[in-house]
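A structural walkthrough
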Amino acid sequence: MKNLHQQVLELLPQCIEDRRWLHRHAELSFREYKTADYLEQALCELEGLELSRPTPTSVMAVLRTGRPGRCLAIRADIDALPIREENELDYRSCNEGVMHACGHDGHTAMGLGIAKILFENRDKLRGTVKMIWQPGEEGDNGALKMIEDGVLENPKVDAMIGHHSGTSRFQEVGPAQIGWTPEPSSFCITGWWAKFHGKSAHIAEPHLGADPLLAACYAVTELQAVLSREKQPNKPAICAVSMFHAGDKNNIIPDTCCLEGSIRSNNEEDQAFYYQRLREIFEGVAKTMRCTAEVGYGHYLGTTDNDPEMVKRFVPIAEKALGKENVIEVKIAIPGGEDFSEFTKRVPCVYYYHGGNFGDERDFPQHSSKFDLNEQTLWSGVAVMTQFALDWQDM
């Protein structure tokens, strides 16, 4: 009988083939129809899995062993980003302007590999394993939509595991290694918007108008003082403006100016403070310049909290799968956001980082048009998740 490591390595070519198909057919949030069809077709070969589509573009596979035990859920996100790929690859995205630039193609392919190996080793499992391929992670909170549609019920999920693969998240996590933390794995995120209202006029007669563009510029500058003068220096936070749109012609003062951005911190209290200060600054500066400002937010995510008991179980299992030297404790969470946080609010979870990097000049940041995963590392993500599913109830 082949051991788990041998089974995983034998499956790697298929995992790479799956990942390349998924990369080539990248699809945006909640439009992942081809992706979901591909997953369903691949999983249909595993007779005995209970397959369903909880939402139009999600897939769930339930493996019931018939033996007493608890239910573990394994999650992989499947959506791509609105980025035009610049890589010259045989499997370059054929969907112009859409690209897997955050590793979700790898997550999805690893999820298929995990499902296949667990199915082959179902006689070693107890309880139930529920494998979830989730749409809409990139700012659209697909996790919450799946929860609302009952993905954590029937059977009720007792624990859950997820991961993120990539190249730039942690310098200390090398190719095929994994990084874990007992602290939250990601930050709170508030995706805010603002609209400054003024009065349009000819640029030659500015005194007859009220310039919302100028008011917004002053407000953005003032916002920086919150981080430099109101933030405790040892507490990480980001208040970023990433979109700024105003005007249609060079001789017209516009009547509106629209901004969007992101607030990120590692706790709910700070998050509420920074959002309140942003509102106060924008509304106050607008008023002093004879304008008004509306401020709101489109989405909010909490921190991705790791359950202490789950972490205690996870680390020795990961070390068993990869060797102690390849399981790295990371000290500081990245200021990225993750809708896996919705699951961590409801069931005990562990969320870790998978080193999908090359370790050389081929590494580009997540959300870069030149991002690519090191496919030769996919085996380790499959190995850790599979080992955890096999052993977590015995730790």
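Residues numbered from 1 in each chain as written. Predicted model: local features only at pLDDT ≥ 70, side-chain atom pairs only at ≥ 80, totals over all residues. Heavy atoms only, no water.

**Re the pairing of strand β2 (residues 59-64)**
The buried count for β2 comes to five of six residues, which makes it a mostly enclosed element. Judged from the three bridges that link them, strand β1 (residues 50-52) and β2 form a sheet pairing that is antiparallel. Across the sheet, L51 pairs through a bridge with A61, a residue of β2. A loop of six residues connects β1 with β2, the two strands running antiparallel in sequence. Sheet topology note: the β2/strand β4 (residues 128-134) ladder contains six bridges and is antiparallel. Counterpart to A61 in the pairing with β4 is M131. (Buried < 20%, exposed > 50% of the residue type's maximum accessible area, 1.4 Å probe, protein only. Helix = DSSP H or I, 4+ residues; strand = E, 2+ residues; numbered from the N terminus. Pairing = 2+ DSSP bridges.)

**With respect to the state of the cysteines**
Each disulfide consists of a covalent bond between the sulfur atoms of two cysteine residues. This structure, assessed with the given rule, holds zero disulfides. Take C15: it sits in no disulfide, and the sulfur closest to it among the cysteines is that of C102, at 17 Å. Its sulfur unpaired, C349 is 12 Å from the next cysteine sulfur, which belongs to C71. The buried category is assigned to C349, whose relative accessible area is 1%. (Disulfide = S-S within 2.5 Å.)

**Quick look at the nonpolar core**
Judged by nonpolar contacts, the single largest core of 59 residues is most densely connected at L43, I74, L118, M131, W133, I161 and F314. Considering each element in turn, this core owes the most residues, nine residues, to helix α9 (residues 378-391). (Core = buried A, V, L, I, M, F, W, Y, C linked by side-chain atoms within 4.5 Å.)

**Some remarks on the sheet that holds strand β9 (residues 237-246)**
Pairing in this open sheet of four strands is antiparallel, and the strands run β9-β11-β7-β12 from one edge to the other. Edge positions in the sheet fall to β9 and β12 (292-301), since each has one partner strand and no second. Strand after strand, the sheet turns through a mean of 20° between neighbouring axes, direction not considered. In this structure, strand β7 (residues 188-197) lies alongside strand β11 (residues 256-265), joined through ten bridges in antiparallel fashion. Its bridge partner lying in β11, C188 is registered against S265. Contacts between helix α5 (residues 212-230) and the sheet are confined to β7, β9 and β11, with β9 contributing the most and set at about 170° to the helix. Of the strands in this sheet, β7, β9, β11 and β12 touch helix α6 (residues 268-288), which is tilted by about 160° from β12. (Axes fitted to C-alpha atoms, helices over the stretch in contact; angles between N-to-C directions. Contact = heavy atoms within 4.5 Å.)

**What to know about the packing of helix α3 (residues 104-120) against α9**
Two elements in contact, α3 and α9, have axes separated by 9 Å at closest approach and are oriented at 45°. With respect to α9, the element α3 is oriented oblique. The hand of the α3/α9 crossing is right-handed. Contacts between α3 and α9 involve G106, M110, G113, I114, I117 and L118 from the first element and L378, G381, V382, M385, T386, A389 and L390 from the second. Classifying every residue of the contact of α3 with α9 by side-chain character gives nine nonpolar, four polar and no charged. (Parallel < 35°, antiparallel > 145°, perpendicular 65-115°, else oblique. Left-handed = near helix turned anticlockwise from the far one by under 90°. Nonpolar A, V, L, I, M, F, W, Y, C, P; charged D, E, K, R; others polar.)

**Description of the pattern of salt bridges**
Should their charged atoms come close, side chains of opposite charge can pair. Under the defined criterion, the tally for this structure stands at 25 salt bridges. Close ionic contact of E10 with K2 constitutes a salt bridge, the shortest N to O distance being 2.8 Å. Note that R20 is salt-bridged to E375, the shortest N-O span being 2.8 Å. Highlighted residues: R20 in helix α1 (residues 4-24) and E375 in the loop between β14 (349-355) and α9, separated in sequence by 355 residues. Connected through salt bridges with shared partners, the residues R19, R20, D105, D372 and E375 form a single ionic network. (Salt bridge = Lys/Arg side-chain N within 4 Å of Asp/Glu carboxyl O.)

**Things to note about α6**
The terminal C-alpha atoms of α6 lie 31 Å apart, and with 21 residues this matches the ideal 30 Å at 1.5 Å per residue to within 8%. Looking only at α6, the buried set comprises D270, Q271, Y274, Y275, R277, L278, I281, F282, V285 and A286. Around the axis of α6, the buried residues are gathered within 160° of arc, so they sit on the same side. Turned more than 90 degrees from where α6 packs its buried face, E269, A272, K287 and T288 sit exposed. Where α6 starts, the residue carrying a side-chain oxygen 3.2 Å from the main-chain nitrogen of E269 turns out to be N267. A positive backbone phi angle near 60° is found at R290, which sits one or two residues after α6. (Expected span 1.5 Å × (residues − 1). Arc of directions from axis to C-beta. Polar contact = N/O pair within 3.5 Å; in protein donor to acceptor, adjacent residues only side chain to side chain.)

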